[in-house]
Amino acid sequence: GQNASNILALDNTINDNIQNGITIYGSSNINISDNEIRNNGLQGIACLFRCNTIAVKNNDIYNNARDGIRLDKNSINSLLHYNNIHDNKQSGIAISNSSFNTITGNNLSNNRVGIVLTQNSFKNLLNNNLVQNSSLYGMHFQSNSSSNKVEKNVLQNSRNGGIAVNGAKYNS
């Protein structure tokens with residue numbers, strides 16, 4: 001939805017859509033919980049422009065043609081936690097040009113990249129995530145993404161490495 005607020009998407013099966021399973025633009029206070037989101041033509045969940053305070057929790061998100069979850073273009077203050085995100089063709093979680101988000105307690109497996117931060121994404125917290133069997137990297141920081149905090153994650157069996165940094169700085 002666009003310019004929406006105070007929306008709850010609970011206990012749905014969202015699958016086989018031509019584009020995204022869920023698309024959000026310029027909206028706030030959205031809660032997406034306990035859903036199965038699969039087999040969509042682009043992202044499972046896409047917050048594409050100025051999303052604020054989006055909670056994505058306890059979802060099973062898999063087999064989407066691009067990313068499982070994408071926060072893009074100034075999506076801020078969101079919480080992605082306790083999701084099972086697997087078998088997506090690109091990233092399990094992609095954060096692009098977005099900041100002040102918390103990604104915690106997620107299980108990510110069999111994605112191209114588990115979690116990617118790009119395009120000036122800063123001050124995001126990534127902690128207590130399990131990232132396994134990524135075909136490229138477990139986590140990838142690129143394109144001036146800076147001042148992100150990465151702690152207490154487990155990164156296992158990624159083909160090209162657990163963490164890759166390319167054009168990013170001041171991440172800890």
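Right above here is the structure, for reference.
Residues numbered from 1 in each chain as written. Predicted model: local features only at pLDDT ≥ 70, side-chain atom pairs only at ≥ 80, totals over all residues. Heavy atoms only, no water.

Caption draft 1: Structural detail: the overall build of the protein chain. Helix and strand counts for the protein chain stand at zero helices and 21 strands. Here the C-alpha radius of gyration of the protein chain, 14 Å, is about what a compact globule of 172 residues would show, namely 16 Å. When its C-alpha atoms are laid out on the principal axes, the protein chain stretches across 35 × 25 × 25 Å. Residue burial in the protein chain is summarised as follows: out of 172 residues, 48% are buried. Residue pairs at least 24 apart in sequence account for 50% of intrachain contacts in the protein chain once pairs closer than 6 positions are excluded. Surface accessibility of the protein chain: about 7,700 Å² in total, with carbon and sulfur atoms responsible for 42%. (Helix = DSSP H or I, 4+ residues; strand = E, 2+ residues; numbered from the N terminus. Rg over C-alpha atoms; globule rule 2.2 N^0.38 Å. Buried < 20%, exposed > 50% of the residue type's maximum accessible area, 1.4 Å probe, protein only. Contact = heavy atoms within 4.5 Å. Areas by Shrake-Rupley, 256 points an atom, 1.4 Å probe, with all protein chains shown as cover.)

Caption draft 2: Representation of the sheet that holds strand β9 (residues 69-72) within the structure. If you trace the seven strands from one edge of the open sheet to the other, you get β3-β6-β9-β12-β15-β18-β21, paired in parallel fashion. Strands at the two margins of the open sheet, each flanked by one partner only, are β3 (22-25) and β21 (163-166). Going from strand to strand, the sheet's axes swing by 10° on average, the running direction of each strand aside. (Pairing = 2+ DSSP bridges. Axes fitted to C-alpha atoms, helices over the stretch in contact; angles between N-to-C directions.)

Caption draft 3: Molecular detail of the sheet that holds strand β20 (residues 154-156). One open sheet holds the seven strands; their spatial order is β2-β5-β8-β11-β14-β17-β20, and the pairing between them is parallel. The two strands at the open ends of the sheet, each matched to only one other strand, are β2 (13-15) and β20. Taking each pair of neighbouring strands and ignoring which way they run, the sheet shows an average axis angle of 5°. Across three bridges, strand β5 (residues 36-38) lies against strand β8 (residues 60-62) in parallel orientation. The residue bridging R38 from the neighbouring strand is Y62, located in β8.

Caption draft 4: Summary view of the nonpolar core. Among the nonpolar cores identified, the biggest contains 28 residues, and I24, I32, I45, I69, L80, I93 and I115 are the most heavily contacted of them. Secondary-structure elements contributing two or more residues to this core are β3, β4 (28-33), β6 (45-49), β7 (52-57), β9, β12 (91-96), β15 (113-118) and β18 (137-142). Discounting residues that sit within four places of it in the chain, I32 has contacts with A9, I22, I24, I37, I45, A55, V56, K57 and N59. (Core = buried A, V, L, I, M, F, W, Y, C linked by side-chain atoms within 4.5 Å.)

Caption draft 5: Region of the structure containing the pairing of β9. Bridging between β6 and β9 involves three bridges; their strand directions are parallel. Residue C47 lies in a different strand from β9, and its bridge partner there is L71.

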